[in-house]
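Here is what each chain is made of, one letter per residue.
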Amino acid sequence: MWGKVIRIDGSKKYSPEGTEAHYREHDGKIVIELKLNSLMQLFDSFDPSPFHEKELDPDAEEYIYNAVDEFPFKKPIKIMIYLPPAEVSAEIEFNLKKAIINHFSYKKILTEIELRRLLYQGRRNLIIALVFLFLCLLTIRLLSAFDESLMNTLFSEGLLIIGWVAMWEPIHIFLYGWWPIVHERNIYQKIVDMDVSIGTGSQTGEKRPRYHFTSKKEV
């Protein structure tokens, strides 16, 4: 199985064949490959932080995330980054891996904060919705003491519907809303735990990637 290689040196482009691609497999691990003309193309050029603390280029981050997300969570994956020979060294490999870990660890922390906020919002809204539903049911009970009429029935049915509609948002949060955030957090954690290697070129005989994007930023 051959790898999908990304080049970050021009504007984003997609081949007419679509986004499907094959990945090379090495030692039982899927290999996500990035080909760079310069190491700094991997990072956000507007970030003044030291090398190992820099944020990744948004396109590179999106590519890595989407590539990892294509496979089952338990499938082992590694990242292979191809650089010019002059930029390949053990120190660069160590710092590059540290930078990737720092970036995606920070993204994971952000998703954990988002998850806590969502669950807090769900608990708060659930209490509000339960109180509102109780008041609606209590009002309906009080209305039942009066003679039955069309207005009485319409008002009672309306309160019942509104009361249950108020329950929808907290129910949605606890049943469905938190899953995408947990999934995103798990993807970031998987990337943090992945091996990162560097090299000087793609494997011999590599097929042309089915899609790639490039960025025209100067480095």
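Residues numbered from 1 in each chain as written. Predicted model: local features only at pLDDT ≥ 70, side-chain atom pairs only at ≥ 80, totals over all residues. Heavy atoms only, no water.

### Some details on the packing of helix α2 (residues 90-143) against helix α5 (residues 179-193)
Then, in step 1: Interaxial distance between α2 and α5 falls to 9 Å at its minimum, and their mutual angle equals 160°. Between α2 and α5, the angle is such that the two are roughly antiparallel. Considering the relative orientation of α2 and α5, their crossing is left-handed. In this structure, α2 uses Ile100, Ile101, Phe104, Ser105, Lys107, Lys108, Thr111, Glu112, Glu114, Leu115 and Leu118 to contact α5, whose residues at the interface are Ile181, Val182, Glu184, Arg185, Tyr188, Gln189, Ile191 and Val192. (Axes fitted to C-alpha atoms, helices over the stretch in contact; angles between N-to-C directions. Helix = DSSP H or I, 4+ residues; strand = E, 2+ residues; numbered from the N terminus. Parallel < 35°, antiparallel > 145°, perpendicular 65-115°, else oblique. Left-handed = near helix turned anticlockwise from the far one by under 90°. Contact = heavy atoms within 4.5 Å.)

### A look at the confidence of the model for the protein
Low-confidence regions, as indicated by low pLDDT, have predicted coordinates that should not be scrutinised in detail.
Then, in step 1: Across the protein, the average pLDDT comes to 79, with 76% of residues at or above 70.
Then, in step 2: In the model of the protein, strand β7 (residues 212-213) stands out as the element of lowest mean pLDDT, 34, in contrast to α5, which has the highest, 95.
Then, in step 3: Of the regions scoring below 50 in pLDDT, residues 1-21 engages in 78 contacts with residues more than four places distant in sequence or in other chains.
Then, in step 4: Scored below 50 in pLDDT, residues 204-219 shows 54 contacts in the model against residues more than four places distant or in partner chains. (pLDDT = per-residue confidence, 0-100.)

### Brief notes about the pairing of strand β6 (residues 195-199)
Then, in step 1: Here β6 lies mainly inside the structure; four of its five residues are buried.
Then, in step 2: Alignment of strand β5 (residues 77-82) against β6, held across five bridges, turns out to be parallel. Directly across from Ile79, in β6, lies its bridge partner Val196. (Buried < 20%, exposed > 50% of the residue type's maximum accessible area, 1.4 Å probe, protein only. Pairing = 2+ DSSP bridges.)

### Quick look at the nonpolar core
Then, in step 1: Counting residues in each nonpolar core, the largest one holds 31 residues, and the members touching the most others are Ile32, Leu42, Ile64 and Ile81.
Then, in step 2: Within the residue set of this core, elements represented by two or more residues are β4 (29-35), α1 (58-69), β5, α2, α5 and β6.
Then, in step 3: Looking at which element gives the most residues to this core, the answer is α1, with six residues.
Then, in step 4: Residues within four places of Ile81 in sequence aside, it is in contact with Leu34, Leu36, Leu42, Leu96, Ile100, Val196, Ser197, Ile198 and Gly199.
Then, in step 5: Of all hydrophobic cores here, the second largest spans five residues; its members include Leu115, Ile173, Ile181 and Val182. (Core = buried A, V, L, I, M, F, W, Y, C linked by side-chain atoms within 4.5 Å.)

### Details of the packing of aromatic side chains
Then, in step 1: Going through the model one piece at a time under the given rule, you end up with three aromatic pairs.
Then, in step 2: One Lys or Arg, Lys190, reaches over the ring of Phe73 and ends 5.7 Å from the middle of that ring. (Phe/Tyr/Trp six-rings, centres within 6.5 Å; stacked < 30°, edge-to-face > 60°. Lys NZ or Arg CZ within 6 Å of the ring centre and 35° of its normal.)

### Some remarks on unusual backbone geometry
One can expect most non-glycine residues to show negative phi and most peptide bonds to be in trans.
Then, in step 1: In this structure, Asp27 is a non-glycine residue whose phi angle is positive, near 55°.
Then, in step 2: Tracing the backbone shows Asp27 in the loop between β3 (24-26) and β4.

### As for the environment of Phe132
Then, in step 1: Within the element layout of this structure, Phe132 appears in helix α2.
Then, in step 2: Separated by 35 residues in sequence, Phe132 and Met167 place their C-alpha atoms 9.0 Å apart.
Then, in step 3: Ignoring any residue separated from it by four or fewer positions in sequence, one finds Phe132 in contact with Ile162, Gly163 and Ala166.

### Side note on the packing of α2 against helix α4 (residues 168-177)
Then, in step 1: Running from amino to carboxyl end, α2 crosses α4 at an angle of 145°, the nearest separation of the two axes being 8 Å. Both α2 and α4 take part in a crossing whose hand is left-handed. The residues of α4 that touch α2, namely those facing Leu118, Leu119, Gln121, Gly122, Arg123, Asn125, Leu126 and Ala129, are Glu169, Pro170, Ile173, Phe174 and Gly177.
Then, in step 2: Here the residues of the contact of α2 with α4 are counted per class, giving seven nonpolar, four polar and two charged. (Nonpolar A, V, L, I, M, F, W, Y, C, P; charged D, E, K, R; others polar.)

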